[in-house]
Structures are given as structure tokens and as C-alpha cells.
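So the chains spell out like this:
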Amino acid sequence: MLLYTSIGISNLSAQSVSVQGLITSASSEETLMGANVLLQKISNQDVIVGSASDRNGFFRIGGMEAGLYLITISHIGFITYSDTLNLKPDS
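Residues numbered from 1 in each chain as written. Predicted model: local features only at pLDDT ≥ 70, side-chain atom pairs only at ≥ 80, totals over all residues. Heavy atoms only, no water.

Chemist: Any details on the side chain of Thr72? Residues and values, ideally.
Modeler: Looking at the secondary structure, you find Thr72 in strand S6 (residues 67-74). A polar side-chain atom of Thr72 sits 3.3 Å from a polar atom in the side chain of Ser82. Those residues in contact with Thr72 that lie beyond four places of it in its chain are Asn36, Val37, Leu38, Thr80, Tyr81 and Ser82. (Helix = DSSP H or I, 4+ residues; strand = E, 2+ residues; numbered from the N terminus. Polar contact = N/O pair within 3.5 Å; in protein donor to acceptor, adjacent residues only side chain to side chain. Contact = heavy atoms within 4.5 Å.)

Chemist: Break down the pairing of S6 for me, citing the residues and quoting the values.
Modeler: Pairing between strand S3 (residues 36-41) and S6: 6 bridges, direction antiparallel. Looking at S6, one finds that Leu39 is bridged to Ile71. Both S6 and strand S7 (residues 81-87) contribute to a ladder of 7 bridges, which runs antiparallel. Looking across to S7, one finds that Thr72 is bridged to Ser82. (Pairing = 2+ DSSP bridges.)

Chemist: Explain the nonpolar core residue by residue, including any values.
Modeler: Counting 16 residues, the largest nonpolar core has Leu39 and Ile71 as its most contacted members. Looking at this core, the elements with two or more residues in it are strand S2 (16-25), S3, strand S5 (58-65), S6 and S7. (Core = buried A, V, L, I, M, F, W, Y, C linked by side-chain atoms within 4.5 Å. Buried < 20%, exposed > 50% of the residue type's maximum accessible area, 1.4 Å probe, protein only.)

Quick look at the structure:
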């Protein structure tokens, strides 16, 4: 089974940004509770922060520094989703 995620990036302050999104099953469009979300900074490959989706499939990670990140979303029984995110505050 495949995961589908909708990701939004918002500016919390001049120096930090947040990542939020909704995680659903690609086949049934049902929201997925308990999906693991990890952000890894590309420059040093350290896992910076992790979160899990709530019972409505929603997740939010705030207070992130601007930069290039790898986001990885996984859930038991689903194919793991990974992509790069360029987090930057609004200019």
C-alpha cells in the first residue's frame, strides 16, 4: 500500500519554519493515525526531529531552522515515503 501526504510549510518567525501535513492511504484516502515522520538535515544527515500523525492523520513539526531536509514518512503495512524539503522563511 502507498502513503499519500500533503505537506505545508509556514513561517513561524524570521528564523524558524514549521512543517505540517495530512497523511492518508493513497488507495482508500483514509487518514492514517500513528504514521512516523522524521526530518533529517541533508548537510550532516542527523535526524533533527520526529513526530507521529494524530488520530486525524495530521502532523506538525515546528521550530525548524531554514535549510534542506529529507522527510521520511512510514507506517506499518505501507511503502515508506521520502522526499527533500527546502525549508526557508518567507522573504
